[in-house]
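# Inside the fold
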Amino acid sequence: MDLQALNKVAEAMVAPGRGILAADESTGTIKKRFDAIGVENTEDNRRDYRELMFRSDAMKHYVSGVILFDETIWQNAADGTPLVKLITDAGSIPGIKVDKGAHPMPGFPGETITEGLDGLGERLAKYYERGARFAKWRAVIDIAAGVPTWGAIKANAHALARYAALCQANQIVPIVEPEVLMDGDHDIDRCDTVTRLVLKTTFQELFEQRVALEGMVLKPNMVISGKKNGARAGVQEVAEKTIAALKATVPAAVPGIAYLSGGQSDEEATAHLDAMNKIGGFPWKMTYSYGRALQAAPQKAWAGKKENVAAAQAAFGHRARMNGLASKGEYDAGMEKAA
Ligand code: 13P
């Protein structure tokens, strides 16, 4: 393992002004997105949609890296160019989702364990050869009555650490993503408590598995109220509580934090990131690794039609620019209307 090289990639992933495009929706998840815009979920449509983003100008300015799904990393653009080459030509880094999804955890009703460790070393070597320089593994922790349990938190943190160690052994930067869901009706303080326990446990497991923190990127949820909570916390409270939770649990050796959007609205996700960077005073770079909060607008503008490609690229470019500014604390909600 060349830790200096891993660290260089990790630093580039979280470089100020840029962030990560999470375009790694599985075939099932992208079907849900396509259903919403009336697009058939075919291999060609998935390719066309991702190609339009990878060819957009925004890639060169605001997107440090792209997380791909297995199908996409092997796909070629309509003109035969590998999609991976479109990404590197734009000066962005290709990454790959390597987990095999969150599955029901035996003995733990309502909880999941993320699978995909078997044969992972061999898969990582192939992805490296294809150009991937970072990977992603997502653990899912729900909040509900009696959930999460210690057993599920511990098992998911252990799997994240085993994955991260395998990545580094294959010269790939692991994005470690322990996602505490915001789907429930819980308040922000419950999210705070659970997030702290999950992060603390994750870093303990990373330590035990000898993962070099300088060569990874953390992808956490923000500390936020549940979507169904009647009195959701405001932007400043989310920013302050998220920073406080991370300061208490995430070592300073980690180069950067790239948040997931997790179901926040586009503008909420941008405002939260911006507020944290305006507050500052933490040892890490903080940027985005958004899926939905970057892609909802371009998907709507595209709607599967060739004549809409330019409009979709403009919509993607706008969101990427807003989030790029937020990664430096230079965003202002007024910019949304101006555009
Ligand atoms: P969202 O930003 O839509 O939560 O997706 C990011 C991601 O990669 C989840 O694993």
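Refer to the preceding data block for the structure.
Structure report, in brief. Residue numbering note: each chain is counted from 1, following its sequence as written. The predicted origin of the model limits local features to residues at a pLDDT of at least 70 and limits the giving and counting of side-chain atom pairs to 80 or more, whereas totals for whole chains, interfaces and linings rest on all residues. The side-chain numbers reported here are obtained from all heavy atoms of the structure, hydrogens and water having been left aside.

### Observations concerning the site of the ligand
One heavy atom suffices: a residue is near a molecule or strand as soon as one of its heavy atoms comes within 4 Å of it. Inspection of the region around the ligand gives 13 residues, with Lys136, Lys219, Ser261, Gly262 and Arg292 positioned closest. Under this definition, polar contacts are N or O atom pairs within 3.5 Å; protein pairs additionally need one hydrogen-donor-capable and one acceptor-capable atom, and for neighbouring residues in sequence, both atoms have to be side-chain atoms. In this structure, an oxygen atom belonging to the ligand sits 2.7 Å away from a main-chain N or O atom of Gly262. Side-chain polar atom of Arg292 to an oxygen atom of the ligand: 2.7 Å apart, as the coordinates give it. A total of 300 Å² of accessible area belongs to the ligand in isolation, and the protein chains cover 93% of it. Runs of H or I in DSSP of at least four residues are treated as helices and runs of E of at least two as strands, each being numbered from the N terminus. Looking at the shell around the ligand, the elements that each hand over two or more residues are strand E6 (134-141) and strand E10 (285-290). Calculation of accessible area relied on Shrake-Rupley with a 1.4 Å probe; when residues are assessed, cover is drawn exclusively from the protein chains displayed.

### Observations concerning the sheet that holds strand E3 (residues 93-97)
Spatially, eight strands are ordered E1-E2-E3-E6-E7-E8-E9-E10 in a closed barrel, and the strand pairing comes out parallel. Bridge count for strand E1 (residues 19-23) against E10 is two bridges, and the pairing is parallel. Across the sheet, residue Ile20 finds its bridge partner in E10, namely Ser289. Between any two strands, pairing holds if DSSP finds at least two bridges.

### As for unusual backbone geometry
Residue Pro148 is reached from Val147 by a cis peptide bond, and omega for that bond is 10°. Following the sequence through the fold, Pro148 ends up in the loop between E6 and helix H8 (150-169). For Arg210, which is not glycine, the phi torsion reads 60° and is therefore positive. The residue Arg210 is located in the loop between helix H9 (188-208) and strand E8 (217-218) in this model. Buried means the residue's accessible area, taken with a 1.4 Å probe over protein chains only, is under 20% of the maximum for its type, while exposed means over 50%, and partly exposed covers the values in between. With relative accessibility at 76%, the residue Arg210 sits in the exposed group. Of note, Ala303 is a non-glycine position whose phi angle comes to about 50°, a positive value. Mapped onto the elements of the fold, Ala303 is located in the loop between helix H12 (292-302) and helix H13 (309-326).

### Description of the side chain of Thr270
Considering the arrangement of structural elements, one finds Thr270 in helix H11 (residues 266-279). The exposure class of Thr270 is buried, given its relative accessible area of 0%. Of note is the side chain of Thr270, whose polar atom sits 3.0 Å from the backbone oxygen of Asp266. A polar atom in the side chain of Thr270 sits 2.8 Å from the side chain of Asn323.

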